[in-house]
Amino acid sequence: MSSLKELLAQRAALDEQINQTKDRERAEAVSKIKSLMSEYGLSLADLSVRTPKVAKVSKVAAKYRNQATGETWSGRGLQPKWLKAAIASGAQLSDFSV
């Protein structure tokens, strides 16, 4: 059975071997890429990833406005708290129309 010191030494040796292998393989990959780029006349701009254009989201005009605070609501989605509170207090939705 191995002692703790021996196992730690083995782990340190493996870590060093892993780092050396990573560095060597990375250097080989970079060399191969440079060679291919040279062979095909590619530049870094040719390698850039083009992201698809995102469709523009159009804003909907406000249909309702709180005159006291200036908050607005388009009429889509859930009613905002200020509008719910006002309607619960007896106001009409039409009172807030823009």
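An account of the accompanying structure is given in this report. No experiment lies behind these values; they were computed from the predicted model shown. (Residues numbered from 1 in each chain as written. Predicted model: local features only at pLDDT ≥ 70, side-chain atom pairs only at ≥ 80, totals over all residues. Heavy atoms only, no water.)

Here's the deal with the overall build of the protein
Keep this limit in mind: Numbering goes from the N terminus for both helices and strands, where a helix is a DSSP run of H or I of at least four residues and a strand is a run of E of at least two. The quantity called the radius of gyration is restricted to C-alpha atoms. Its globule counterpart is 2.2 Å times the number of residues to the power 0.38. Partly exposed residues are those whose accessible area sits between 20% and 50% of the maximum for their type, while under 20% is buried and over 50% is exposed, using a 1.4 Å probe and protein chains only. In what follows, residue pairs with any heavy atoms lying within 4.5 Å of each other are defined as contacts. For accessible areas, the Shrake-Rupley method is used with a probe of radius 1.4 Å. Any residue's cover is judged against the shown protein chains and nothing else. The sign given to each residue is positive for Lys and Arg and negative for Asp and Glu; His and the chain ends receive no count. For the purpose of locating charges, the reference atoms are NZ of Lys, CZ of Arg, CG of Asp and CD of Glu.
When its secondary structure is counted, the protein shows three helices and two strands. Counted from the first residue to the last, the protein has its helices and strands arranged as α-α-β-β-α. What you see for the protein is a C-alpha radius of gyration of 33 Å, clearly larger than the 13 Å of a compact globule of 98 residues, by over 25%. C-alpha extents for the protein along the principal axes are approximately 80 × 55 × 20 Å. For the protein, the proportion of its 98 residues judged to be buried stands at 10%. In the protein, of all internal contacts separated by at least 6 residues, the share reaching a separation of at least 24 is 24%. Counting every atom, the protein has about 9000 Å² of accessible surface; 56% of that belongs to carbon and sulfur. Charge separation in the protein, taken as the distance between the mean sites of 16 positive and 10 negative side-chain charges, equals 15 Å.

Notes on the pattern of salt bridges
Stated formally: Basic side-chain nitrogens of Lys or Arg form a salt bridge, by our definition, when they fall within 4 Å of a carboxyl oxygen of Asp or Glu.
Counted by the stated rule, this structure contains one salt bridge. Taking the shortest distance from any N to any O, the salt bridge between Arg-24 and Glu-28 comes out at 3.8 Å. Here the residue Arg-24 and the residue Glu-28 both occupy positions in helix H1 (residues 4-40), the gap between them amounting to four residues, near one helical turn. Classification of Arg-24 by relative accessible area gives partly exposed; the value is 45%.

Here's the deal with H1
Applied cut-off: Given the number of residues in a helix, its expected span is that number minus one, multiplied by 1.5 Å.
For H1, which comprises 37 residues, the first-to-last C-alpha distance of 53 Å matches the rise-based estimate of 54 Å (1.5 Å per residue) to within 8%. Just beyond H1, the residue with positive phi is Gly-41, at close to 65 degrees.

A look at the side chain of Ser-74
In plain terms, the rule: Here a polar contact is recorded for every N or O atom pair within 3.5 Å, except that within protein the pair must consist of a potential hydrogen donor and a potential acceptor, and residues adjacent in sequence are included only if both atoms are side-chain atoms.
For Ser-74, the position within the fold is in the loop between strand E2 (72-73) and helix H3 (81-88). A polar atom in the side chain of Ser-74 sits 3.2 Å from the backbone nitrogen of Arg-76. Look past the residues within four positions of Ser-74 in its chain and what remains in contact with it is Val-60, Ala-61, Ala-62 and Lys-63.

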